[in-house]
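# Descriptive structure summary
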Amino acid sequence: MKMIQAMALAFVLGGAAAAHAEQPIERTDLIKNDIDVPGHEVVQVRVDIAPGVLAPNHSHPGEEVAFVIEGTLEYQLEGRQPVILKAGQSLFIPSGTVHSAKNVGSGKASELATYIVRKGEALVVPAK
């Protein structure tokens, strides 16, 4: 009986892992908290991007600090040359700046995105 339970658990966990792996971009909310600046908050999100996947042009209602946890990401900020960052490197993205990020490595890439944004507005605003 224990063998059947173990096999069933392995099947379920394997299916969950496969479903997780199929997501081209996965955002995991980590923290959201008020700050001393009236009308603003800090939001921190982990973003996992599959190989070759582009997070298309978008902006935020405040500043972003992107820290690459693993892999290699190419950031394109409006009006600037592309920047390639590897694990351990950071990038400051000014408020309202349209930008994209693409995983240009061979494996998964992950960033820790920290935002100081206006409360009550959508965190991610698709570019028009």
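The following paragraphs examine the structure supplied in this document. This one's a predicted model, so the numbers in the text were calculated from it and none came from an experiment. (Residues numbered from 1 in each chain as written. Predicted model: local features only at pLDDT ≥ 70, side-chain atom pairs only at ≥ 80, totals over all residues. Heavy atoms only, no water.)

### As for the pairing of strand 2 (residues 40–49)
Basically, it comes down to this: The rule is simple: take the accessible area with a 1.4 Å probe, protein chains only, and divide by the maximum for that residue type; under 20% is buried, over 50% is exposed, in between is partly exposed. Numbering goes from the N terminus for both helices and strands, where a helix is a DSSP run of H or I of at least four residues and a strand is a run of E of at least two. DSSP-based pairing: two strands are paired if at least 2 bridges between them are found.
Of all the ten residues making up strand 2, seven are buried; the element is thus mostly covered by neighbouring parts of the structure. Remark: five residues form the turn of the hairpin made by strand 1 (residues 25–34) and strand 2, two consecutive strands paired antiparallel; glycine 39 in that turn has positive phi of roughly 80°. Note: strand 2 against strand 9 (residues 109–118), ten bridges, orientation antiparallel. Counted as the bridge partner of valine 47 is glutamate 111 from strand 9.

### Topic: the nonpolar core
Note the cut-off: We call a set of buried Ala, Val, Leu, Ile, Met, Phe, Trp, Tyr and Cys residues a nonpolar core when their side-chain atoms join them within 4.5 Å. Note on definitions: a residue-residue contact is assigned when non-hydrogen atoms from the two residues lie within 4.5 Å.
Membership of the largest hydrophobic core comes to 21 residues, with the highest contact counts inside it found for Val43, Val45, Leu73, Tyr75, Leu91, Tyr115 and Leu123. At the level of secondary structure, the elements contributing two or more residues to this core comprise strand 2, strand 4 (62–70), strand 5 (72–77), strand 7 (90–93) and strand 9. Aside from chain neighbours lying at most four places away, what touches leucine 73 is Ile49, Val68, Val83, Ile84, Leu85, Lys102, Asn103, Val104, Ala109 and Glu111.

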